[in-house]
Amino acid sequence: MTRRIAYRTCPLCEATCGVQITLEDDAVKVIRGDRDNPFSQGFICPKGSTLGRLHDDPDRIRTPLVKRDGQFAEASWEEALAEIDRRLTPLLAEHGRDAAALYIGNPNAHGFHNTLALRPFAKALGTRNIYTASTVDQMPKHVSSGYMFGHAGAIPVPDIDRTDYLLMLGANPLESNGSLATAPDWPGRLRALVDRGGRLVVVDPRKTKTAELATDHLPIRPGADAAWLFSLIHVLFDEDLVSDHLVPVAGLDDVRAVTAEMSPEATADFTRIDTVATRRIARELATAETACVYGRIGTHTVAFGTLASWAVDVLNVLTGNLDRPGGAMFPLALHQPARRTPRAFRQGRFRSRVRDLPETIGELPVATLADEILTEGPGQVRALFTIAGNPALTAPDAGRLEQALDSLDLMVSVDIYLNETTRHADVILPGRSALEKSHYDLAFTTLSLRDYAMYSPPLFFHDGLSEFEAIVALTGIAAGLGSAVDPAALAEAALTAQVQSAVGTTGSRIHGRDPDEILKELAVWPIPERFLDLMIRTGHRGDGFGADPDGMTLERLAAAQHGIDFGPLVPRFEDAVSTSSGMVELAPAPIIEDIPRLRAAIEAHRPDDVVLVGRRELRSNNSWLHNVEVLVRRKERCTLHVHPDDAARIGVSDGEPVTVRSAVGMVTAPAEVTEAIMAGVVSLPYGWGHDAEGTHLSVASQRPGVNTNILTDSAPLDPLSGNAVLNGIPVEIAAAG
Ligand SMILES: Nc1nc2c(c(=O)[nH]1)N[C@H]1C(S)=C(S)[C@@H](COP(=O)(O)OP(=O)(O)OC[C@H]3O[C@@H](n4cnc5c(=O)[nH]c(N)nc54)[C@H](O)[C@@H]3O)O[C@H]1N2
Ligand SMILES: Nc1nc2c(c(=O)[nH]1)N[C@H]1C(S)=C(S)[C@@H](COP(=O)(O)OP(=O)(O)OC[C@H]3O[C@@H](n4cnc5c(=O)[nH]c(N)nc54)[C@H](O)[C@@H]3O)O[C@H]1N2
Ligand code: SF4
Ligand SMILES: [Mo]
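Bear in mind the structure is a predicted one, so any value in this text is a computation, not a measurement. (Residues numbered from 1 in each chain as written. Chains lettered and ligands numbered in written order. Predicted model: local features only at pLDDT ≥ 70, side-chain atom pairs only at ≥ 80, totals over all residues. Heavy atoms only, no water.)

> Would you take a moment to explain the nonpolar core for this structure?
Proteins that are soluble and globular tend to have nonpolar side chains buried together. Phe121, Phe385, Leu429, Tyr440 and Leu557 are the most contacted members of the largest nonpolar core, which has 66 residues in total. The leading source of residues in this core is helix α17 (residues 467-478), at eight residues. Counting residues in each nonpolar core, the second largest holds 65 residues, with Ala288, Val293, Phe304 and Leu307 among its members. (Core = buried A, V, L, I, M, F, W, Y, C linked by side-chain atoms within 4.5 Å. Buried < 20%, exposed > 50% of the residue type's maximum accessible area, 1.4 Å probe, protein only. Helix = DSSP H or I, 4+ residues; strand = E, 2+ residues; numbered from the N terminus.)

What follows is the structure, encoded as structure tokens:
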């Protein structure tokens, strides 16, 4: 028996834990937290230990599948790619580039292969119809950051390890392990905050596990966070609590003016948070030694998502906590250059065809994808690519979206499962298991609570194209080069172009160098790694290809098999804030102009009917980990949380079925009667509903649960970001049967 041990990053969620994998005869035996990983120090959650099971899952797609007469059959790569070319190329010639759409799902962000390959693919498709999971997730943060700090990617993260006071809204990191704030072991980090005498205030309509650990829990009416945050800002001005130590800002008086009418008294009926608590929290935030405000899913996937996201960072600024240890800080990843080129953040460079919605960072709202497919006329979407995405379960009004998927002329998916979305495809190209890919976190290192990086090589090899090569092959087809083009040659040409551009760019660390010399140094790596090595070596810690012999290279990173911790975050205002004024823009016009909408909602507010919110649990990951037996075998998790008063009113007790009806759909789920939710609010977890015909999920289909996105409506949006409204959905509940 041969035994080996490998160290990797778990790619499943944003926490980026280090794992130690023991293999015997090339089979995964045990996965543990890597105690020598400087960032995660041995922490792992139940999902991380299942990477071997995912790899071995007999249901996982390993060869291309082509649908013939309604049935999927295995095909060679040549056949599958030729089929795509045969159908796509004439379709684009006849109907134009916008007839193709691309949907990019969440797992693409958890690595570097797909992230690198997808941008050229989108470009080659040449369509306006680019959709990603961002518009059912964090787009409000990109928009507020774009306007306030000059760049959609300038997202400050809460420095939870050093703060004295953390105000957290709409996040439950004890289950989710954190988001837009990358760190392993949120449970340990938050406990440490409380243990050192710090305060953790959780604002959530549910008493979550995070709320249980908190020093304060404030239940809030779903969708009301923006109004409450405005009241906190109001109190800072009203009680003269704005810090004397502000970073350079513009628009302070405007902020005072727009929050003048938003006193705690004016918003309390709307938020259901009493005025005494609101004033107290504002004072505590202002007077804590260090403090930070952090909002996530519950503040973003709502009708006032961008206003809430903006208000979070206004509070960080006004309390003097932006860009300082213990406050909200700007990370800088190993592969990034120190400074961003100033460029005005703009939206609406093009608009969607049917609903006239503006693009943001090159994307249209996924809430309108079904409209674009189902509405006839020039520019109608007829072909769709889904890459590692499951919008049939994750996008709003999923019932209508599934109808739309059914009506396409061509659908191509790159995925590891035949699931609710990919069953609609004509061709499925296999994605690869996490253990078959090398790993570096391009996205989450830019959101990390410490300056940390890790590279891990693949553990296993496979036949056929890698996932990177598959997307490059699709790029070749989209570019009109046919299906026989060599992906490696295409990627090499792209790399050469990138190096040539860098040596010609003033300010680049390889400006003026000989491109051949650079390419030769990169050539020791496989193709996707060459792009990564180029970024690392021209990044802020890079060796600049010899300019700084002590600088970082991919080789040096790879040699550190537990990853490298370069230390805590450091203040970097001047490099991070790239507005043309060089200041934080506190009062960007588009944001100020959206405030009357909030005021109107507060005024029009009447006591609610019942509203629905979502939730996540530790043993799930969005829509796709329910096929792993050990993660689903315990008690039923897709239940409707109902407050005892509501349960009594509709006459159901624990475990009995409840129908939940919204403006667009209806589902039935068993009640879980619990005090851990506000009266008038019910909650369903998301990512379930695995009983669709034509899928191949032998474990998940045994405990299907219901799809909560049958209930969410694609019509209401956060207008500033195009983000879907997935929380605070008006519903009617009744005992079933
Ligand atoms: N109601 C409601 N809806 C929500 C949310 C909510 O809170 N409530 N949350 C939203 C959020 S935050 C997100 S991020 C989105 C997620 O939305 P999506 O990205 O659409 O959904 P995922 O469940 O992440 O789907 C991942 C897909 O990728 C496949 N996959 C997994 N790993 C790989 C791989 O390595 N390669 C390939 N090619 N495929 C792979 C899986 O089989 C699955 O089909 O959902 C959003 N939708
Ligand atoms: N185990 C697990 N981990 C995950 C995922 C997963 O599916 N499972 N998904 C990953 C992804 S893609 C993401 S984006 C992150 C998300 O990570 P989080 O943002 O932590 O997401 P949730 O756990 O859904 O927590 C959202 C909380 O918001 C509350 N909420 C709902 N509406 C409102 C509201 O209007 N106001 C307030 N204040 N709160 C509200 C809900 O009750 C819920 O507790 O998690 C990631 N990690
Ligand atoms: S917390 Fe996230 S990164 Fe860590 S082991 Fe669990 S799923 Fe993996
Ligand atoms: Mo997400």
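> What am I meant to see in the site of ligand 2 here?
Around ligand 2 there are 30 residues in total, and Ser176, Asp204, Gly223, Asp225 and Asn622 lie nearest to it. Measuring from an oxygen atom of ligand 2, one finds a side-chain N or O atom of Arg206 at 2.8 Å. Asp225 is positioned such that a nitrogen or oxygen atom in its side chain is 2.6 Å from a nitrogen atom of ligand 2. Alone, ligand 2 offers 920 Å² of accessible surface; in the complex the protein occludes 98% of this. For the shell around ligand 2, the elements supplying multiple residues, two or more each, are α5 (173-176) and α12 (297-300). Among the residues making up the shell around ligand 2, the classes are represented as eight nonpolar, 13 polar and nine charged. (Near = heavy atom within 4 Å. Polar contact = N/O pair within 3.5 Å; in protein donor to acceptor, adjacent residues only side chain to side chain. Areas by Shrake-Rupley, 256 points an atom, 1.4 Å probe, with all protein chains shown as cover. Nonpolar A, V, L, I, M, F, W, Y, C, P; charged D, E, K, R; others polar.)

> For this particular structure, what's the right way to read the site of ligand 1?
As a structural note, the neighbourhood of ligand 1 is formed by 30 residues, with Tyr103, Asn106, Asp415, Glu467 and Ser623 the closest of them. At a separation of 2.9 Å, an oxygen atom of ligand 1 approaches a polar backbone atom of Asn390. Residue Asp415 places a side-chain N or O atom 2.6 Å away from an oxygen atom belonging to ligand 1. Out of a free accessible area of 930 Å², ligand 1 has 96% covered by protein chains. Residue assignment for the shell around ligand 1 shows that the elements contributing at least two residues are α15 (391-394) and β16 (410-415).

> Just checking my understanding: could you explain the side chain of Thr132 for this structure?
Within the secondary structure, Thr132 sits in strand β7 (residues 130-132). With relative accessibility at 9%, the residue Thr132 sits in the buried group. At 2.8 Å, the side chain of Thr132 and the backbone nitrogen of Ser134 are in polar contact. What Thr132 contacts, discounting residues up to four positions off in sequence, is Tyr103, Ile104, Glu363 and Val366. (Contact = heavy atoms within 4.5 Å.)

> When you look at the side chain of Asp85 in this model, what are you seeing that I'm missing?
Locating Asp85 in the fold gives a position in helix α2 (residues 77-95). The contacts of Asp85, once residues within four sequence positions are left out, are Pro90, Ile477, Gly482 and Ser483.

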